[in-house]
Amino acid sequence: MAIREIDTTLPVVRSLPAPGRYLCGLTFDGEFFWHSDQEAGQIYALAPDTGAVVRTLSCPRARADLTVGGGALCQVGGRPKRILLIDPLTGEALGEKEVAPPSGRLCGVETTGVAMWMGLRGPSVVQLRDVATMTVQREFPVPGVPSGLTVAGDLVVYADFEGAMLRAVDARHGTLRGQAPVEGRPVGLTWDGALLWYADFAGRRLAAVRLPDLLATGS
């Protein structure tokens, strides 16, 4: 499938204010948006209708994206980066998982049951890893420089902060299915079952776009 070069920015159909200034991770657990801020060293639970902060957890090691799995928040953090496991009710540190080889490459994460998708840079790849062992099950190179990452059906969608783009690839083979510029600078990314939401670093907000609008660039 040929991917059209597109200059038209994806329209933002909803937006919510972000509580901090150094936006990084974003995920949705079916009840709240969870959003991390590196400068504040906090993870916030946000009401999906208003963006109001309903819970604040301390996480001074937060550095990039986050997801939810196994009853825990899974935050990319530390130096070198690894997965920090955090109790979503109390903020208690439950442990951490090394992402081998240790580095600062890891940027985007999303859990899907017993597996975790990751976006890494330098070189840019998308990986599927076993949650229990963190061993790589699948890997393919991708264009741009991944920041946040999410899964929508059979697609892995990732944000490209440097290119101000969203890109969607087939989860089985890594084939590019769509790409388009977005407003601001996207970092964390999540799918709420209807819309793609990204943390807009430049706009200090959460912004939502339609997945069909992104995929239309691949038609």
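Above: the structure in question.
Computed from a predicted model, the values in this text were never measured in an experiment.

A. View of the sheet that holds strand S14 (residues 149-152). Spatial ordering of the open sheet is given by S14-S15-S16-S17, a layout of 4 strands whose pairing is antiparallel. With one partner strand each, in any of the chains shown, S14 and strand S17 (176-181) form the two edges of the open sheet. Here the strands of the sheet are splayed against their neighbours by 20° on average, with no regard to which way each runs. Across 4 bridges, the pairing between S14 and strand S15 (residues 155-160) is antiparallel. The residue of S15 that forms the bridge with Ala 152 is Leu 155.

B. Spatial organisation of unusual backbone geometry. Along the chain, Arg 79 connects to Pro 80 via a cis peptide bond; the corresponding omega equals 0°. Position of Pro 80 among the secondary structure elements: in the loop between strand S7 (72-77) and strand S8 (82-86). With an omega dihedral of 5°, the bond running from Gly 122 to Pro 123 counts as a cis peptide bond. Of note, Met 134 is a non-glycine position whose phi angle comes to about 60°, a positive value. Turning to its location among the elements, Met 134 is positioned in the loop between strand S12 (125-130) and strand S13 (136-141). For Met 134, a relative accessible area of 7% puts it in the buried group. The backbone of Arg 204 shows a phi angle near 50°, a positive value even though the residue is not glycine.

C. A look at the layout of surface pockets. Taken as a whole, the largest pocket spans an internal volume of roughly 330 Å³. Put simply, the parts of the chain that give the lining of the largest pocket at least two residues each are strand S2 (23-28), strand S6 (62-69) and strand S18 (186-191). Here the lining of the largest pocket gets 3 residues from one element, more than from any other, and that element is S6.

How each quantity is defined
Residues numbered from 1 in each chain as written. Predicted model: local features only at pLDDT ≥ 70, side-chain atom pairs only at ≥ 80, totals over all residues. Heavy atoms only, no water. Pairing = 2+ DSSP bridges. Helix = DSSP H or I, 4+ residues; strand = E, 2+ residues; numbered from the N terminus. Axes fitted to C-alpha atoms, helices over the stretch in contact; angles between N-to-C directions. Buried < 20%, exposed > 50% of the residue type's maximum accessible area, 1.4 Å probe, protein only. 1 Å grid on protein atoms, 1.4 Å probe; cavity = no way out; pocket = protein on both sides within 12 Å on 5 of 7 lines; lining within 4 Å. Points joined across faces, edges and corners; volume = space filled by probe spheres on them.

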